[in-house]
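Coordinates in review
Listed here are the chains, written in short residue letters.
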Amino acid sequence: VRRLALVAVAAATVGCTVGEEGLVGLWAHDWPQFGRSPAFLSYNDDSSAPKHKEWTWKNDNKLVASPAVAAGRVWLGSDDGNVYCLNQTTGLELWHFVTGKGELGVRSSPAVHADLSVSFGSYDGFVYHVDVNGNLIWKYDTGSKIYCPATVDSAGIIYIGNYDNCIYALHSEKKVVGQLKWKTCAKGWGAINSGPAFSPNSSTLVINDFDGHIRGLDMESGNIKWTYETGSASGSSATIVGDTAFIGSWSKFVYALSVSTGELKWKFDTGGEVESHPAYHDGVIFVTAEESCAIFALNASTGDVIWKRVNIASQEINGSPSVTAEAVYFGANDGNLYALDRVTGATKFTFHACSQHIFSSAAIGDNGMLYFTCGDDAEDPSPAPNAAFALDPAQH
């Protein structure tokens, strides 16, 4: 039985495993955090679990954070300051947790731990750690609003940045002496919206910053190991493959950097600012760009173009791609979710979710279904402004 009752799941987490990319979850094909694993590969190769009916879950406020999917549940944040836990099969709310809200609520994408507790940041400046039933375990005050997604390693350490130029490593287990393992701040840094990315085989964490620099940090101490200057701000997160970090910038380039040294391997001009993070599968990097309204499939070793779709969307593309063996999925500011053939780039289908702003990247469940959010600024009641979706690609 793959879908267990709430109490049974909590008891079953003792036997959780860690996948080859550092993925922590109850089952090997969950999508428990932004980018699926700490390396942000955004690839899921399984669809063997039973599918369910498509559903739409509506909210009164903008939904920006990317959802996490694990153990029959979907977690997502809202601008109303709440984090919601939904039943994956039905879309019905199981519980919600109320934060101190802040200016824009919860835009930090949640990370689910092996015991189904969840960590996330909020615009109220706190990092929260909440149990499987939505009860607060602890909260940590960073002193500044948080947009950055939470990233969790196999030891349960939470890595997250804030608008006060700092990145934090926090113990998920409640500590008498405090949750902080380390924090690193640097004079002149800008806001850190970039998700901290790392490989389970590396001791280096890679982040982007609004001060125009990409940095590699020692994961044990937080010390800065190297800095690479892009000359432009960005919230793009890195995708880590071996010793290479693939990461974009508002300079309109995507860069391939050595994780160990920060040395440039290659860079590619996308023709638009890169706010999203790339996805990776089978030697190919997939990256979206804003002004060019484009997606590119690049050779990961050389940066050469395999295929490209320029002006595929009518508005900018902020959403990060998610990949299966057959398809690449991404959202755009025109309110469409696009599905392309992974090998050729040909359009498989387009799903119109709302009038604008699919900022989130789609989480791909172990049933092959897509879970993503859409958030409108416009007063458009059709088809579903400010909503989360469960979409079956086979039906489109």
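This text goes with the structure placed above it.
Scope of this entry: the structure provided in the associated data block. (Residues numbered from 1 in each chain as written. Predicted model: local features only at pLDDT ≥ 70, side-chain atom pairs only at ≥ 80, totals over all residues. Heavy atoms only, no water.)

1. Observations concerning the state of the cysteines
Across all of its chains, the model carries two disulfides by this definition. Covalent S-S linkage joins Cys 166 and Cys 185, the inter-sulfur distance amounting to 1.8 Å. A torsion of 110° about the S-S bond marks the disulfide between Cys 166 and Cys 185 as right-handed. Of this pair, Cys 166 sits in strand 14 (residues 166–171) while Cys 185 sits in strand 15 (residues 180–185), and the two are 19 residues apart along the sequence. In this structure Cys 166 comes out as buried when scored by relative accessible area, which is 3%. For Cys 354, the disulfide goes to Cys 374, at an S-S distance of 1.5 Å. Of this pair, Cys 354 sits in the loop between strand 30 (347–352) and strand 31 (363–364) while Cys 374 sits in strand 32 (residues 370–374), and the two are 20 residues apart along the sequence. Given the relative accessible area of 0%, Cys 374 is considered buried. (Disulfide = S-S within 2.5 Å. Helix = DSSP H or I, 4+ residues; strand = E, 2+ residues; numbered from the N terminus. Buried < 20%, exposed > 50% of the residue type's maximum accessible area, 1.4 Å probe, protein only.)

2. As for the nonpolar core
One recurring pattern in soluble globular proteins: nonpolar side chains tend to sit buried together. Core analysis: the largest hydrophobic core is formed by 31 residues, its most contacted members being Trp 55, Trp 57, Leu 76, Phe 351, Tyr 371 and Phe 372. Here this core gets five residues from one element, more than from any other, and that element is strand 33 (residues 387–391). Sequence-distant contacts of Leu 76, that is, excluding residues within four places in its chain, are made with Trp 57, Leu 63, Pro 67, Asn 82, Val 83, Tyr 84, Leu 86, Pro 110, Thr 373 and Ala 388. (Core = buried A, V, L, I, M, F, W, Y, C linked by side-chain atoms within 4.5 Å. Contact = heavy atoms within 4.5 Å.)

3. Details of the sheet that holds strand 30
With antiparallel pairing, four strands are arranged side by side in an open sheet as 27-28-29-30. Both outer strands of the open sheet, strand 27 (322–323) and strand 30, are each paired with one neighbouring strand and no more. (Pairing = 2+ DSSP bridges.)

4. Some words on the sheet that holds strand 11 (residues 136–141)
The four strands lie next to each other as 8-9-10-11, forming an open sheet whose pairing is antiparallel. Each edge of the sheet is formed by a strand with only one pairing partner; in this case those strands are strand 8 (111–112) and strand 11. Looking at chain direction, strand 8 and strand 9 (residues 118–121) are connected through two bridges and run antiparallel. Within strand 9, the position partnered with Val 112 by the bridge is Val 118.

5. Section: the environment of Ser 144
Note on placement: Ser 144 falls in the loop between strand 11 and strand 12 (151–152). Looking at Ser 144, its side chain comes within polar contact range of the main-chain nitrogen of Asp 164, at 3.3 Å. (Polar contact = N/O pair within 3.5 Å; in protein donor to acceptor, adjacent residues only side chain to side chain.)

6. Here's the deal with the pairing of strand 13 (residues 157–161)
Burial of strand 13 is extensive: five of the five residues sit out of reach of the surface. Pairing geometry for strand 12 and strand 13, over two bridges, is antiparallel. In the strand pairing of strand 13, Val 152 is matched with Ile 158. Between the antiparallel neighbours strand 12 and strand 13 lie four residues, among them Gly 156 with a positive phi of about 85°.

7. Observations concerning the side chain of Ser 109
Looking at the secondary structure, you find Ser 109 in the loop between strand 7 (93–98) and strand 8. For Ser 109, a relative accessible area of 4% translates into the label buried. Separated by 2.9 Å, the side chain of Ser 109 and the backbone nitrogen of Ser 66 make a polar contact. Here Ser 109 is in contact with Phe 34, Ala 65, Ser 66, Ser 119, Pro 149 and Ala 150, once residues within four sequence places are set aside.

8. Overview of the pairing of strand 14
Counting buried positions over the six residues of strand 14 gives five, a clear majority of the element. With five bridges connecting them, strand 13 and strand 14 associate as antiparallel partners. Looking at the pairing, Gly 161 lines up with Ile 167 of strand 14. As consecutive antiparallel partners, strand 13 and strand 14 are separated by four residues, and within that stretch Asn 165 has a phi angle of approximately 70°, a positive value. As paired strands, strand 14 and strand 15 are joined by five bridges and run antiparallel to one another.

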